[in-house]
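Fold and contact review
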Amino acid sequence: MRIDGVVDTETQELLRPPSFNSWVWEESEILLLLQHMYTDLGLLSKFGTEIEMLRYFLCRVNHCYNQVPFHNFEHAFCVTQMMYGMVWDCGLQERLGDLDVLILLTSCICHDLDHPGFNNIYQLREINAKTEFALRYNDISPLQNHQCSVAFTVLEQHECNIFRNVSAEDYRKIREGMIRCILATDMARQNEILSDFKEIIEEFDFKNRAHVNLLSMVLIKVADVSSEARPLDIAEPWLECLMQEFFNQSDLEKVEGLPVSPFMDRDKVTKPSSQCSFIGFVLLPLFEALGKVLPELEALLSLPWTVIRAFPILDRPLFLLATWGCIPRELP
């Protein structure tokens, strides 16, 4: 990073692969790296966005994230960085077009805005008479609906509206696309989205809008869970942050007399068992399905196995059973 705020060539090269280490960058530098992603992809010039407007937008978005252990601005940056890398690795601007890439990148930045550190399970507890979010959004993906609302509230501010100069038709597409992508990050929709995507893999057509919409949802879901697809020294601290957020929620649920999810209970869950279940049930099915449409991601798909090989031997059967229903003799 140069002192004048320009991202130097070395940093640009580091920014694209999943091995990028966000832990060593300051908040002000992260904001500059996000700005670089937009300029590097040519999105500002293509959509008539002034650089100062983008800076106001990024700063305001940063302000709207809470200081919670995991679902914070740094997590949003990591999700966006993974998406940025996939855009380059897979030539998504050529395949999808600039508008879809703009939607994907901006959705990643906004996808966890104002996250309270308590997931949808907590929001929807009946015994809790439902939270404000659950009541406001009729129990339908309350956090994700709130995050969409916050994103477009930010964009309504004149100095932050990076879409100010797009046509009415493009703005409609941007709004629909961002809402679709952010709502897709609700983990409760994992099986629904993955099942729909698998049905079109064999006949996938980049000219088919329904196919592209599903691909966009899978792309943001992959980016959202991609911390486990990074090198161990980067992935491990994120797992610690996530487990701390889970433990904070379960501790409060115990105090309030609410049911506690076993995967959040500090008295029951272990780090290896948590990783085994998550990688086996969530991450690899998504990655493998996406890899069939975007084979350029083969290197990314191999990274979770690095984590798996680090599991204690006794924890590996849980992962293997979760993934294949059997225990093969050798790991891939």
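Here the structure is a predicted model, which means the values were calculated and not measured.

About the cut-offs
- Residues numbered from 1 in each chain as written.
- Predicted model: local features only at pLDDT ≥ 70, side-chain atom pairs only at ≥ 80, totals over all residues.
- Heavy atoms only, no water.
- Salt bridge = Lys/Arg side-chain N within 4 Å of Asp/Glu carboxyl O.
- Helix = DSSP H or I, 4+ residues; strand = E, 2+ residues; numbered from the N terminus.
- Polar contact = N/O pair within 3.5 Å; in protein donor to acceptor, adjacent residues only side chain to side chain.
- Contact = heavy atoms within 4.5 Å.
- Core = buried A, V, L, I, M, F, W, Y, C linked by side-chain atoms within 4.5 Å.
- Buried < 20%, exposed > 50% of the residue type's maximum accessible area, 1.4 Å probe, protein only.
- Axes fitted to C-alpha atoms, helices over the stretch in contact; angles between N-to-C directions.
- Parallel < 35°, antiparallel > 145°, perpendicular 65-115°, else oblique.
- Phe/Tyr/Trp six-rings, centres within 6.5 Å; stacked < 30°, edge-to-face > 60°.
- Lys NZ or Arg CZ within 6 Å of the ring centre and 35° of its normal.

Moving on, we get to the pattern of salt bridges. Within the structure shown, the criterion is met by twelve salt bridges. Among the salt bridges present, the one from Glu52 reaches Arg55, with a minimum N-O distance of 2.6 Å. Linking Glu52 with Arg55, this pair stays in helix H4 (residues 51–64), spanning three residues, or about one helical turn.

What follows is about the side chain of Asp112. Of note, Asp112 is situated in the loop between helix H7 (98–110) and helix H8 (120–123). One polar contact links Asp112 to His75, side chain to side chain, over a distance of 3.3 Å. If we ignore the near neighbours within four places in the chain, the residues touching Asp112 are Tyr65, His71, His75, Gln147 and Asp224.

One recurring pattern in soluble globular proteins: nonpolar side chains tend to sit buried together. Membership of the largest hydrophobic core comes to 97 residues, with the highest contact counts inside it found for Tyr38, Phe57, Met86 and Phe197. Examining the composition of this core, we find that ten residues originate from one element, helix H5 (residues 73–89), more than from any other. Setting aside residues up to four positions removed in sequence, Phe197 forms contacts with Phe204, Leu214, Leu215, Val218, Ala289, Leu290 and Val293.

Where H5 contacts H7, the two axes come as close as 7 Å, and the packing angle between them is 160°. On the basis of the axis angle, H5 is roughly antiparallel to H7. Across from Ala76, Val79, Thr80, Met83, Tyr84 and Val87 in H5, the residues of H7 making contact are Val101, Leu104, Leu105, Cys108 and Ile109.

Aromatic rings in a pair are described by how distant their centres are and how their planes are angled relative to each other. On inspection of all chains with the given rule, the structure shows nine aromatic pairs. Judged by centre distance (5.2 Å) and plane angle (35°), the ring pair of Phe118 and Tyr122 falls under tilted. Residue class for Tyr122 comes out buried when judged on its relative accessible area of 10%. Arranged with centres 4.9 Å apart and planes meeting at 75°, the rings of Phe204 and Phe206 form a pair that is edge-to-face. The exposure class assigned to Phe204 is buried, which follows from its relative accessible area of 16%. One aromatic cluster is present, formed by Phe20, Trp25 and Phe77 through successive ring pairs. Note that Arg16 overlies the ring of Trp88, its terminal NZ or CZ placed 3.8 Å from the centroid. For Arg175, the ring lying beneath its charged end belongs to Phe152, and the centroid distance is 4.7 Å.

These results come straight from atomic positions and should not be treated as a statement about function.
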